[in-house]
Amino acid sequence: MPDGVHLAGDLHLPSRVHDGVRVPTLLQRTPYDRADPHETQVMTSLPIPRALDAGFAVLIVDVRGRHGSEGDFTPFAHEVADGRAVLAWVRAQPWSDAHVVGYGPSYVGAVQFLPPGAGGYDAILPAFTSADPQRRWARRGGAGNLGFLLLWALEALAPHDLDRRGVPVGDPRRVLLEQVLADPERALDRLPVLDPALDPALESLAPWLGTWPEPEQERPAADAAPVPALHTAGLHDVFLDDSLATWTAMRAGAAGERQRLVIGPWSHANRGEWQGRIRHGGGASAAAIDLAGRQLAFATAVLAGHAPAGPPVVHFVTGRDGWCTASDWPPPGADLVLHLDGGRLAASPGAAASRSFTADPGDPVPTCGGPTFLPGMAVGRHAGPHDQREIEDRDDVLVLRGDPLTQALAVVGMVRAELWCSSEAVDLDWALRLVDIDPDGVPLGVVDGIRRVVQQPGVMRVRVEIGQVSHEFGPGHRIGLQVAGSAHPRFDRVTHTGADPWRTPLAAMRPAVQTLHTGGVHPSRLILPVPHRLHPLEETP
């Protein structure tokens, strides 16, 4: 690197380089160990032998401060300069034709947007990621991404970091990490989350955790990178909204016609047909749709100067459990507005009314499915659709239900809500979940989101982006909505006092009465994006 730090990498070359043929390169830059085949091949859905057979060289590099590479690791702090240096090195090699394609998920996907512009990639294959991780990974709807941040820092990064720093057995940091890995739920439940005076070990496991993201860190700009990209996203992935925001920005940019999008029914580390409590069918997996082949075909086409084949968007529709195509995301359609009326979701507003509940930080509503990063990621145990009956039995969750549908209803795009609310709290959360209720009355979660607000005097309007979906409610099913004041541990607890939730003890947090107003001059409503029609995969939209 320009500052003298050396990065370690593994290079795999196709046989034809021995005949003097120059080849393009698939590049991963990873913090998760270049020698781990699960991280570098399973998680990418792209086995190295298949890439070699397609004529690509494959280079996998440990980022600065991780595994075989020198230096110190702080998320994204060095990726711009290091990325430029690695790309320049690849292009200078005798086997390289100077074309480089970035690929891989999560952090490995995010660094593909660094560096943007000149000197960057010729194409990218980002998956389950964000083009703006410093800002979007830390918070969602104003609430802290506790489940993601803590488990990413402690499970994915800390074990190797302690080894690298030579921290001995018996050190408080080792002891704490062992406790966290043995019982992650307990670690997520601790308060304060960070308190150096009480327990310096946690913050020292990831010294950047309490301050990240730092404002001076350079942020990528997807719309400033006119590069062809095949984006891969998962309906139950914690970064779904980020992936689709990146798609939208790049679709509107200079390389907009060379963008493609695949959205599967997947969670962050599980590309299979089982998600949560539901099997989406034999055709739902990444292998079934040949995601590896799609990535290689896309890269081959754009490097040859051709337009990528196929429709711009391929997306799985849960509920009907099949693949569809679209000309854009979201597909053309119109909004269906359902009004909150007592315990009903109705076509028109009802009379003025209100319902209240008490949100208690000492007993938050537990995370139940959805797009999570909670333990069991490899099998999607805590992600995806889960039975919501225990959640809906709680006194601090308002439940609203629509009438049984007479025909199937597809909802594809961002689900939103506009609530009219009041409370005596200083700050508070509005946590919402869209639910599919089958004819037997079993409610399964579809998507959930949150909005943290500072309460204004009187009744205020709160807009909540619940989340992106691609789901069909079947005939006889009902649309449901849950309204609560917490969703823990996916999100951190709000204190209701305005204090920092990561550094506040439970005794300093306060229960809060939250009131939802409906009808009259306060028409709280649920807004569902309904496509004009669905196009099965074999059709062209």
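Residues numbered from 1 in each chain as written. Predicted model: local features only at pLDDT ≥ 70, side-chain atom pairs only at ≥ 80, totals over all residues. Heavy atoms only, no water.

> If you had to explain the overall build of the protein chain to someone new, which residues and values would you point to?
If you tally the helices and strands in the protein chain, you get 12 helices and 25 strands. The C-alpha atoms of the protein chain give 24 Å as radius of gyration, which agrees with the globular expectation for 541 residues (24 Å, within 12%). On the principal axes, the C-alpha backbone points of the protein chain span a range of 80 × 60 × 35 Å. A burial count over the protein chain gives 59% of its 541 residues as buried. Once local pairs closer than 6 in sequence are excluded, the contacts in the protein chain between residues at least 24 apart make up 77%. For the protein chain, the computed accessible surface area is about 20,600 Å², with 52% contributed by carbon and sulfur atoms. Placing the 47 positive and 63 negative side-chain charges of the protein chain at their respective mean positions leaves the two points 3 Å apart. (Helix = DSSP H or I, 4+ residues; strand = E, 2+ residues; numbered from the N terminus. Rg over C-alpha atoms; globule rule 2.2 N^0.38 Å. Buried < 20%, exposed > 50% of the residue type's maximum accessible area, 1.4 Å probe, protein only. Contact = heavy atoms within 4.5 Å. Areas by Shrake-Rupley, 256 points an atom, 1.4 Å probe, with all protein chains shown as cover. Lys, Arg positive; Asp, Glu negative; His and termini not counted. Charge placed at Lys NZ, Arg CZ, Asp CG, Glu CD.)

> Could you give me a rundown of the pairing of strand E5 (residues 123–127), with the residues and numbers involved?
Among the 5 residues that make up E5, 5 are buried, leaving the element largely enclosed by the rest of the structure. Across the two faces of E5 the burial is the same, with Ala123, Leu125 and Ala127 and Ile124 and Pro126 all buried. Two elements, strand E4 (residues 96–105) and E5, share 5 bridges in a ladder whose sense is parallel. Residue pairing for E5: Pro105 is matched across the bridge by Ala127. As judged from the 2 bridges shared by E5 and strand E8 (residues 229–234), these two strands associate in the parallel manner. Considered in E8, the bridge of Ile124 is made with Ala229. (Pairing = 2+ DSSP bridges.)

> I'd like a rundown of unusual backbone geometry, residues and numbers included.
Residues apart from glycine generally show negative phi values, whereas peptide bonds are mostly found in trans. In this chain, Leu191 is followed by Pro192 through a cis amide linkage whose omega measures -15°. Looking at the secondary structure, you find Pro192 in the loop between helix H8 (184–189) and helix H9 (200–205). The phi dihedral of His67 falls on the positive side, at around 55°, and the residue is not glycine. Note on placement: His67 falls in the loop between strand E3 (57–62) and helix H3 (79–91). Its identity is not glycine, yet His496 carries a phi of approximately 70°, on the positive side.

> Residue-level account of the side chain of His315, with values.
Looking at the secondary structure, you find His315 in strand E12 (residues 313–317). A polar contact of 2.9 Å, which involves the side chain of His315, links it to the side chain of Ser470. Aside from chain neighbours lying at most four places away, what touches His315 is Ile263, Gly322, Trp323, Cys324, Thr325, Ala326, Trp329, Pro331, Val412, Ser470 and Leu534. (Polar contact = N/O pair within 3.5 Å; in protein donor to acceptor, adjacent residues only side chain to side chain.)

> A description of the packing of aromatic side chains should follow, citing residues and the corresponding values.
Centre-to-centre distance and the angle between the planes together describe a pair of aromatic rings. One pass over the full model with this rule turns up 15 aromatic pairs. On the basis of an interplanar angle of 20° and a centroid distance of 4.3 Å, the ring pair of Phe76 and Tyr107 is categorised as stacked. Of the two residues, Phe76 is situated in the loop between E3 and H3 and Tyr107 in helix H4 (residues 106–110); the sequence distance between them amounts to 31 residues. Tyr107 matches Phe76 in its accessibility class, with the two residues each being buried. Taken together, a centroid distance of 5.5 Å and an interplanar angle of 15° make the contact between Phe148 and Trp152 stacked. Placement of the pair is Phe148 and Trp152 together in helix H6 (residues 146–164), with a separation of 4 residues, close to one helical turn. Each member of the pair, Phe148 as well as Trp152, is classed as buried. Grouped by ring-pair contacts, the aromatic residues Phe73, Phe76, Tyr107, Trp137, Phe148, Trp152, Phe239 and Phe373 constitute a single cluster. Over the aromatic face of Phe73 sits the side chain of Arg66, whose NZ or CZ is 5.6 Å from the ring centroid. In this structure, Arg271 is placed above the aromatic ring of Phe128, and the distance from its NZ or CZ to the ring centre is 3.9 Å. (Phe/Tyr/Trp six-rings, centres within 6.5 Å; stacked < 30°, edge-to-face > 60°. Lys NZ or Arg CZ within 6 Å of the ring centre and 35° of its normal.)

> Explain helix H11 (residues 291–303) to me, using residue names and the numbers behind them.
What sets the pattern is the α-helix's 3.6 residues per turn: residues three or four places apart point alike. A rise of 1.5 Å per residue sets the reference length of H11, with its 13 residues, at 18 Å; its end C-alpha atoms lie 18 Å apart and thus fit the reference within 8%. Buried residues dominate H11, accounting for 10 of its 13 residues. Taken as a whole, H11 has its buried residues at Leu291, Ala292, Gly293, Gln295, Leu296, Phe298, Ala299, Ala301, Val302 and Leu303. Tucked into the core, H11 has its buried residues touching strand E2 (23–30), helix H2 (48–53), E4, E5, E8 and strand E9 (259–264). (Expected span 1.5 Å × (residues − 1).)

> Lay out the packing of H6 against helix H7 (residues 172–182) with the relevant residues and their values.
Axis separation between H6 and H7 bottoms out at 11 Å; the angle between their running directions is 150°. Between H6 and H7, the interaxial angle falls into the category roughly antiparallel. The crossing of H6 and H7 is left-handed. Across the interface between the two elements, Leu154, Glu155, Ala158, Pro159, Leu162 and Asp163 of H6 pack against Arg173, Arg174, Leu177, Val180 and Leu181 of H7. (Axes fitted to C-alpha atoms, helices over the stretch in contact; angles between N-to-C directions. Parallel < 35°, antiparallel > 145°, perpendicular 65-115°, else oblique. Left-handed = near helix turned anticlockwise from the far one by under 90°.)

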